[in-house]
Amino acid sequence: MSPSPITVSHDRMANALRALAMDAVQQANSGHPGMPMGMADVATVLFTRFLKFDAAAPDWPDRDRFVLSAGHGSMLLYGLLHLTGYADMTQGELRRFRQLGSKTAGHPEYRHAKGIETTTGPLGQGLANAVGMALAERLLHARYGDDVVDHHTYVIAGDGCLMEGISHEAISLAGHLRLNKLIVLFDDNGISIDGKVSLACSDDQLARFRASGWHVEAVDGHDPEAVASAIQAAQASDRPSLIACKTIIGFGAPTKQGTAATHGSPLGRDEVAAAREQLGWTYPPFEVPDDIRTAWAQAGRRGAAAREAWQARTDALPEALRSAWHRTQAGDLPKGFAAAVAALKASLAANPPTVATRKASQDVLEVLTEAVPELIGGSADLTGSNNTKTKATAPIQAGDFTGRYLYYGVREHGMAAAMNGLALHGGIIPYGGTFLVFADYCRPAIRLSALMHQRVVYVLTHDSIGLGEDGPTHQPVEHLASLRAIPNLLVMRPGDAMETVECWAAALERRDGPTVLALTRQNLKPFRLEATAENLAAKGGYVVAGGVARDVTLLATGSEVQLALGARELLAADGIEAAVVSMPCFELFDAEDEAYRAHVLGTAPRLAIEAAMPFGWTRYVASEADVVGMTGFGASAPAEDLFPHFGITAEALALKAKAKLQGGAG
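Owing to the predicted nature of the structure, the values given are computational and were not obtained by experimental measurement.

Reading guide: rules and limits
Sequence order as written defines residue numbering, which begins from 1 separately in each chain. Since the coordinates come from a predicted model, pLDDT governs what is reported: local features require at least 70, and pairs of side-chain atoms require 80 or more to be given and counted, while whole-chain, interface and lining totals use all residues. Water and hydrogen atoms play no part in the side-chain values, which are based on all heavy atoms of the structure. Here, nonpolar core refers to any group of buried Ala, Val, Leu, Ile, Met, Phe, Trp, Tyr and Cys residues whose side-chain atoms link them within 4.5 Å. Relative accessible area decides the class of each residue, using a 1.4 Å probe on protein chains only: under 20% of the type maximum gives buried, over 50% gives exposed, and in between gives partly exposed. Residue contacts follow a heavy-atom distance rule, with two residues in contact if any of their heavy atoms lie within 4.5 Å. In this scheme Phe, Tyr and Trp rings, the latter by its six-membered ring, pair at centre separations within 6.5 Å, and the angle between planes marks the pair as stacked below 30 degrees, edge-to-face above 60, and tilted otherwise. Numbering of helices and strands runs from the N terminus, with a helix taken as a DSSP run of H or I at least four residues long and a strand as a DSSP run of E at least two residues long. Cavities and pockets are found on a 1 Å grid laid over the protein atoms alone: a cavity is a set of points where a 1.4 Å probe fits but cannot escape, a pocket is an open set with protein on both sides within 12 Å along at least five of seven lines, and a lining residue has an atom within 4 Å of such a point. Grid points are joined across faces, edges and corners, and a volume is the space filled by probe spheres set on the points. Asp, Glu, Lys and Arg are counted as charged, while Ala, Val, Leu, Ile, Met, Phe, Trp, Tyr, Cys and Pro are counted as nonpolar; the rest, among them Gly, fall into the polar class. When DSSP locates at least two bridges between a pair of strands, those strands are taken to pair. Angular values range over 0 to 180 degrees, each being the angle between N-to-C directions of two axes fitted as lines to C-alpha atoms, with helices fitted over their stretch in contact. Throughout, a disulfide means two cysteine sulfur atoms within 2.5 Å of one another.

S.K.: What is the right way to look at the nonpolar core in this model?
M.R.: Nonpolar side chains tend to gather and get buried jointly when the protein is soluble and globular. Ranked by internal contacts, the top residues of the largest apolar core, which has 71 residues, are L135, L182, W214 and L483. With sequence-adjacent residues up to four places away left out, L483 is seen in contact with L436, A439, R443, I446, L460, L489, V491 and V516.

S.K.: For this particular structure, what's the right way to read the packing of aromatic side chains?
M.R.: The geometry of an aromatic ring pair is captured by two quantities: the separation of the ring centres and the angle between the planes. The tally for this structure, following the rule as stated, stands at 18 aromatic pairs. Between W60 and W310, the ring centres sit 6.4 Å apart and the planes meet at 65 degrees, which makes this aromatic pair edge-to-face. One end of the pair, W60, is in the loop between α2 (34-50) and β1 (65-68); the other, W310, is in helix α12 (residues 304-315), and 250 residues separate them in sequence. You can call W60 buried: its relative accessible area is 4%. When the centroid spacing of 6.2 Å and the interplanar angle of 65 degrees are considered together, the rings of W310 and W325 count as edge-to-face. Placement of W310 in helix α12 and of W325 in helix α13 (residues 319-330) is noted, with a sequence separation of 15 residues between them. When sorted by exposure, W310 lands in the same class as W325, which is buried. Put simply, the rings of F586, F589, Y596, W617 and Y620 touch in pairs and so form one group of aromatic residues.

S.K.: Explain empty space enclosed by the protein to me, please; I cannot follow it from the model alone.
M.R.: Empty space among the atoms can be located by rolling a probe the size of a water molecule over them. The full count for this structure, using the stated rule, is 3 cavities of 30 Å³ or more. Space inside the largest cavity adds up to approximately 100 Å³. Lining the largest cavity are F47, L51, F53, D54, P58, R63, D64, F66, L81, Y86, G115 and E117. Its residues assigned to classes, the lining of the largest cavity shows 7 nonpolar, 1 polar and 4 charged.

S.K.: What is the right way to look at the sheet that holds strand β9 (residues 405-407) in this model?
M.R.: The strands making up a sheet are joined through hydrogen bonds of the backbone, oriented either antiparallel or parallel. Read across the sheet, 6 strands follow the order β9-β8-β10-β11-β13-β12 without closing on themselves; strand pairing throughout is parallel. Each edge of the sheet is formed by a strand with only one pairing partner; in this case those strands are β9 and β12 (490-492). Sheet twist, expressed as the mean angle between neighbouring strand axes with direction ignored, is 20 degrees. With 5 bridges joining them, strand β10 (residues 429-435) and strand β11 (residues 457-461) adopt parallel strand pairing. By the bridge assignment, Y431 is partnered in β11 with V457. Helix α17 (residues 412-425) rests against β8 (375-379), β10 and β11 of the sheet, and its axis sits at about 165 degrees to β10.

S.K.: Where do I start with the state of the cysteines in this structure?
M.R.: Think of a disulfide as a covalent bridge from one cysteine sulfur atom to another cysteine sulfur atom. In total, this model carries 0 disulfides according to the counting rule given. Of all cysteine sulfurs in the structure, the one in C585 sits closest to C442, which takes part in no disulfide; the separation is 19 Å. Residue class for C442 comes out buried when judged on its relative accessible area of 1%.

By themselves, these are just geometric observations and shouldn't be taken as functional.
If you want it as structure tokens, here you go:
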């Protein structure tokens, strides 16, 4: 889209953004006015001359994406959405900035309002999300061509985003893949909360990005023509681009601009009044003159013709391609998905394998990546351990985006955040692998997956002391409880191959949040020997052995289900009837109705076994003393030695059950 002229001066249009930002922050008595005031010139150039969008059709799939990675400056985004004509970003919402129930949260939140492409605020996350979005654009472009997919991803990032460690992973990956449709506008204002950035950081950011294979340019962020020229050059580059825009934070605030005083606090009434005078902005709070509103509204409609032309091209696609496009954009699974899952379950019932659930997961993926072409996989340098690559998923490489598997390298955090961007973009279902213990490296992005309700699948293998000799640095003991504490995250720990199929099916059928699959390194004996039509694992918990009449209920997840079954046999020899309940997913079980949960849990005393810390199990058992599990870190030794060493055995569970029934402490 060629740049369009504007009929109102650039300064007046940019000052409208500055005024709205300082007014909203002042009224809320909370917020960050400095960045919006400093980057108003850059944002005005981008939105009025370059950004391909149509405010009347905010979900247009081929729109340019705009990510405000420096999410604390949210009023810049809200002002842009309001002025360009997004219907749900009203003046009333600006007046309710940071208030309960408003669309104008302190930091931009995905789904609160149209035009907010991702939730930002944790610095660096937006930048890494944008890498995923830019990758998604290239992947879909390879499938559908220029006529359907041809757009840029723009980012405004600040010093804080670039100081965060995730930024290194993100810019390195983007440079390696030569994601030339990614353009980052760096708010180079030299100020952070503590004061001058030089207090803590002396990096040469241009050299840093250049070393990662980026096109870089530095401009005066208050010179609109210099900014426009740099964006044009970036659009023509064959590499991702960084444009360092030298700005003055709080531009226009006469006594506070250029200082940390404008970063995270209202300017104060006197300074707001003085800023109005300095900027020549004589209008009352939240009031924007009609001519400026008209000019901004024209910018919001600038992409309408391009959208209509795109729609005509999309409508003219061959039927099969058009159908695939609409299905994947809607997030629907292929019609053959359920049949593929059923056939796989039937084959497992016919020949029940004794395999690690990571290997079972690979077997599932061999089927599902054939059945679901929008599945895009990867691993953080652990492909052979996570078992995440299949015959259907060729590598994604710079210059060749026809593949479906990304070697993320040792970039767990960048991988997780990029997967959020892939999911947010639309048309793709991402999954990625690492060890469960390294979920700590991914956690901020996993949390945002859950907060944004994104369908992202985290394949986290080596899920307990069962990984053996790598020792306590690699043996997760607290991680299951830690991940279960994240709202809207499903943590699924299957106990055999059949449960692994069902957990994968549940993860892909879920459209409103992410899923963790915690998978074993060690082989597990099958206990599900029938291919039930119902997805039992999707119920979160169900009775594997035993009936309603029972003396004790044994709850277990993953590799410990077979230990619970062993304990049941030991108890039966002593005339004690035990029921074994597999609990692959606490969250799904808790979502079942009370009658079902009561039926599964029964009224008999309950014990649990899991090779992890017992935190969280007291929702099902009376106390942590009723859990056979870990009490500290693991150790380096073969797995077959570690389980007895730490007392995680069928015998230990049976003894605890007997003590419980006899009224002892266990």
